[in-house]
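# Close look at the chain arrangement
Below are the chains, spelled out letter by letter.
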Amino acid sequence: MEPLSTGRALMVAHCVCLFWSVFVVTQNVGLTNDPYLEMKRTFGGPWKYLTFLNQSLQIVLFVICVIHDVIYICNPTRRKGLPVHIVNVRDWMFSVLVFPIGTFVVFTFWIFYAFDRKFIFNRELDGTSPSWINHFIHTTILPLLVIELIICPHKYPSRKKGVLGLSIFASIYIIWILWINYTSGIWAYPLLENLNKSGLVVFFTSSYFGIVGFYFLGAWLTKLIWVYRGDCVNRIKEVQKML
């Protein structure tokens, strides 16, 4: 059985991650001189941006984590009833949505930023949007995901169910982006304005396979970290028995 002190430490870590996620979203939404402010007020609002959707998913995830941690500490049985269902929802959200989408957002943004930033974040925006906001939104996502990956084991669904869940989300988001362009004539990202129909098909297809690749990366890292940790714990116990 996991020590109570470990459960409390886990709750503190999740509270910090939750606070940081909420702080980043409020700073993003509350930035009055945001160069994308007018775009955010157009059809779809900030919900047409994958970064904002990911931030919202992270908040939901860490709220679930904190709720589970509180119940886990207060409930003597711990393993029975509500916490089990919360764990299932937590693990599914992290493995299928939050980790692959979050890593995709970070790597995609900074790859385009390094290649030609006009496709994702024009230089003219540097004078109106603080650089720390940019890093808060597009960089600190990854450390939170790594922290959650290390401090808490997550049970991945079957490969078929995991990819299916992620595929449904990706399909809905692509349809959402296309619908926004169809109804309002605007694209959520400058890059899409420079692509023809064939280019859009190639971009969305490659993005889909990229995000699925990050799903498998998360599954591999989870297995690597927690299987290795379990082997170390077993070896330590064997040594302790010999002493």
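For clarity, every value in this text was computed on a predicted model and none was experimentally measured.

Conventions adopted
- Residues numbered from 1 in each chain as written.
- Predicted model: local features only at pLDDT ≥ 70, side-chain atom pairs only at ≥ 80, totals over all residues.
- Heavy atoms only, no water.
- Helix = DSSP H or I, 4+ residues; strand = E, 2+ residues; numbered from the N terminus.
- Buried < 20%, exposed > 50% of the residue type's maximum accessible area, 1.4 Å probe, protein only.
- Contact = heavy atoms within 4.5 Å.
- UniProt positions renumbered as here; feature names shortened; annotations may be inferred.
- Expected span 1.5 Å × (residues − 1).
- Salt bridge = Lys/Arg side-chain N within 4 Å of Asp/Glu carboxyl O.

### Quick look at the overall build of the protein
- Counting its regular elements, the protein contains nine helices and zero strands.
- Going from N to C terminus, the protein has its helices and strands arranged as α-α-α-α-α-α-α-α-α.
- Burial statistics for the protein: of 243 residues in total, 42% are counted as buried.
- Contacts in the protein between residues far apart in sequence, at least 24 positions, make up 81% of those at least 6 positions apart.

### What to know about the UniProt feature "transmembrane region" (unreviewed entry) in the protein
- Within this numbering scheme, the UniProt entry marks residues 9–29, 49–71, 92–112, 132–151, 163–180 and 200–221 as carrying the feature "transmembrane region" (unreviewed entry).
- For the annotated span residues 200–221, helix accounts for 100% and strand for 0% of the residues, and the straight-line distance between the end C-alpha atoms is 31 Å.

### Details of helix 3 (residues 50–74)
- The end-to-end C-alpha distance of helix 3, which contains 25 residues, comes to 36 Å, matching closely the 36 Å that a straight helix rising 1.5 Å per residue would cover.
- Extensive coverage of helix 3 is indicated by the burial of 19 of its 25 residues.

### Considering the pattern of salt bridges
- Within this structure, the stated rule accounts for one salt bridge.
- A salt bridge links Arg90 to Asp91; the shortest N-O distance between them is 3.1 Å. Residue Arg90 shares its accessibility class with Asp91, and that shared class is buried.

### Here we look at the side chain of Asn54
- Tracing the chain through its elements places Asn54 in helix 3.
- Residues contacting Asn54, with those up to four places away along its chain left out, are Val98, Ile101, Gly102, Val105 and Ile141.

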